[in-house]
Structure formats: structure tokens, C-alpha cells
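The lines below spell out each chain.
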Amino acid sequence: MPTRGVVYVHSTPLAVCPHVEWAISRVLVAPVNLHWTAQPLDPNGRRAECSWTGRAGTGAELAAALRQWPMTRFEVTEEPSPGADGERFMHVPGRGLFRATIGAAGDIQLGEDRIRAIIAAAPAPEAIAHALDKAMGTAWDTELEPYRHAGEGAPVTLLTRVG
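Residues numbered from 1 in each chain as written. Predicted model: local features only at pLDDT ≥ 70, side-chain atom pairs only at ≥ 80, totals over all residues. Heavy atoms only, no water.

Caption draft 1: Region of the structure containing the overall build of the chain. Counting its regular elements, the chain contains five helices and seven strands. Listing every helix and strand of the chain by position from the N terminus yields β-α-β-β-α-β-β-β-α-α-α-β. Whereas a compact globule of 163 residues would reach a radius of gyration of roughly 15 Å, the chain reaches 17 Å, a difference of no more than 12%. Along the first, second and third principal axes, the C-alpha atoms of the chain reach 50 × 40 × 25 Å. In the chain, buried positions account for 42% of the 163 residues. Put simply, 63% of the contacts in the chain that link residues at least 6 apart link residues at least 24 apart. When the accessible surface of the chain is summed, it comes to about 8600 Å², and 57% of that surface belongs to carbon and sulfur atoms. Averaged over its 15 positive side-chain charges, the chain has a centre that lies 5 Å from the centre of its 18 negative ones. (Helix = DSSP H or I, 4+ residues; strand = E, 2+ residues; numbered from the N terminus. Rg over C-alpha atoms; globule rule 2.2 N^0.38 Å. Buried < 20%, exposed > 50% of the residue type's maximum accessible area, 1.4 Å probe, protein only. Contact = heavy atoms within 4.5 Å. Areas by Shrake-Rupley, 256 points an atom, 1.4 Å probe, with all protein chains shown as cover. Lys, Arg positive; Asp, Glu negative; His and termini not counted. Charge placed at Lys NZ, Arg CZ, Asp CG, Glu CD.)

In C-alpha cells, the structure reads:
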């Protein structure tokens, strides 16, 4: 069953923009020409976003392709589809790639077993809060949030995976 998602390139150097397009193009097996705009928070950076459609697992392939450029801040989302959970991938320079399962509303979902393991491993209540923050990718969210707001109102490119 096909699914859909969004690639948000929050910030990447101008010289990397064509490489980002080629990476997305390789995954979607279709030509990609993103509309790049200046990133107000990064004077030398550019930003772009695109919606995509494809088979389940395409979001993971896109994130793997984009993390080749460690200086790029990006997010990839994939909506849930029949038989597959949704996913969100966040990448921040110096922090690496974070992956989480997401629900239909886009919120991060932590399974019962994972929550029980966090509680069991915590030596103190403060450790539970820290472990939950880590499991939800709070550090990535915190770093990306200003870039998300800086991109509001930017143009979106629509892409479809071939095959």
C-alpha cells in the first residue's frame, strides 16, 4: 500500500543542495528539483521541503540517503499505512539521526515495553524524565524547532515515487 510523507531540509550549505536533490531522486526514482530558499537562521544555508508518496519504508530510505551530509539539518516523516507504523526521522549536525514511531496525528508513540524498561532501569524519578526525553527525541526537537518556524510559509514541492 502506498503511503506519503514530507522531507524538510531545514538547513544545508548551498553547495550541498544539488546532492540533496540527487539523493532524494535516487530514492524516489524520479527527477527532483526543489525550490530552495534562504534559511534566515543560517546566513550560508538554504532550506526546502517536499511532500512525497511511495511505498512503506520510503521515509527510512530518504533519511539514510540524506544523512550522508552530516552538516544538513533535516526531518523526514512517513504517515502510518495499513500494516506499517508511521515514522519520523530527525537529523541534527553533531547529534546524528533520531528515529521514532509516530501515530496518525504525527505524535511520537512509545510502546508499553519500552516505557516499562525505562521505569525499571531508572535509579530515581529524575532518571525516568531524562530517559523519556531521550526516547522522544527532545534534544533533536529543541534544536530543530527554531528552524521549523523559520520555514513557515515556504514553498513545497510534491513528489511521487516511481515503481
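Read on, since the account is not over.
Caption draft 2: How the structure looks around the packing of aromatic side chains. Counted according to the given criterion, the structure contains one aromatic pair. In this arrangement the basic side chain of Arg95 is found over the ring face of Trp140, its NZ or CZ atom lying 5.4 Å from the centre. (Phe/Tyr/Trp six-rings, centres within 6.5 Å; stacked < 30°, edge-to-face > 60°. Lys NZ or Arg CZ within 6 Å of the ring centre and 35° of its normal.)

Caption draft 3: Structural detail: the environment of Lys134. Turning to its location among the elements, Lys134 is positioned in helix α4 (residues 125-135). Residue Lys134 is classed as exposed on the basis of its relative accessible area of 60%. Linking Lys134 and Phe98, residues 36 residues apart in sequence, is a C-alpha distance of 9.7 Å.

Caption draft 4: Spatial organisation of the packing of helix α1 (residues 17-28) against helix α2 (residues 58-66). At their nearest, the axes of α1 and α2 sit 9 Å apart, and the two run at 150 degrees to each other. In terms of their interaxial angle, α1 and α2 are classed as roughly antiparallel. Of the two elements, α1 crosses α2, and the hand of that crossing is right-handed. Taken together, the residues of α2 that come into contact with α1 (itself represented by Val20, Ala23, Ile24, Val27 and Leu28) are Thr58, Glu61, Leu62, Ala65 and Leu66. Residues of the contact of α1 with α2, tallied by class, amount to eight nonpolar, one polar and one charged. (Axes fitted to C-alpha atoms, helices over the stretch in contact; angles between N-to-C directions. Parallel < 35°, antiparallel > 145°, perpendicular 65-115°, else oblique. Left-handed = near helix turned anticlockwise from the far one by under 90°. Nonpolar A, V, L, I, M, F, W, Y, C, P; charged D, E, K, R; others polar.)

Caption draft 5: Structural view of unusual backbone geometry. Even without being glycine, Val29 reaches a positive phi, approximately 55 degrees. With respect to the helices and strands, Val29 occurs in the loop between α1 and β2 (37-39).

Caption draft 6: Spatial organisation of helix α5 (residues 138-150). Taking 1.5 Å per residue as the helical rise, α5 with its 13 residues ought to reach 18 Å, and the 19 Å between its terminal C-alpha atoms agrees with that figure. The largest bend along α5 measures about 40 degrees and falls at Leu144, with the proline Pro146 one to four residues further on. Along α5, the residues classified as buried are Trp140, Leu144 and Tyr147. Summarising the contacts, the buried residues of α5 are in contact with β1 (2-13), β2, β4 (73-78), β5 (86-92) and β6 (96-102). (Expected span 1.5 Å × (residues − 1). Bend = angle between axes of the 7 residues up to and from the residue.)

Caption draft 7: Here's a closer look at the packing of helix α3 (residues 112-121) against α4. Interhelical geometry of α3 versus α4 gives an angle of 145 degrees and a closest axis separation of 9 Å. α3 and α4 meet at a crossing whose hand is right-handed. Of the residues in α4, those touching α3 at Arg114, Ile118 and Ile119 are Ile128, Ala131, Leu132 and Ala135. Broken down by class, the residue content of the contact of α3 with α4 amounts to six nonpolar, no polar and one charged.

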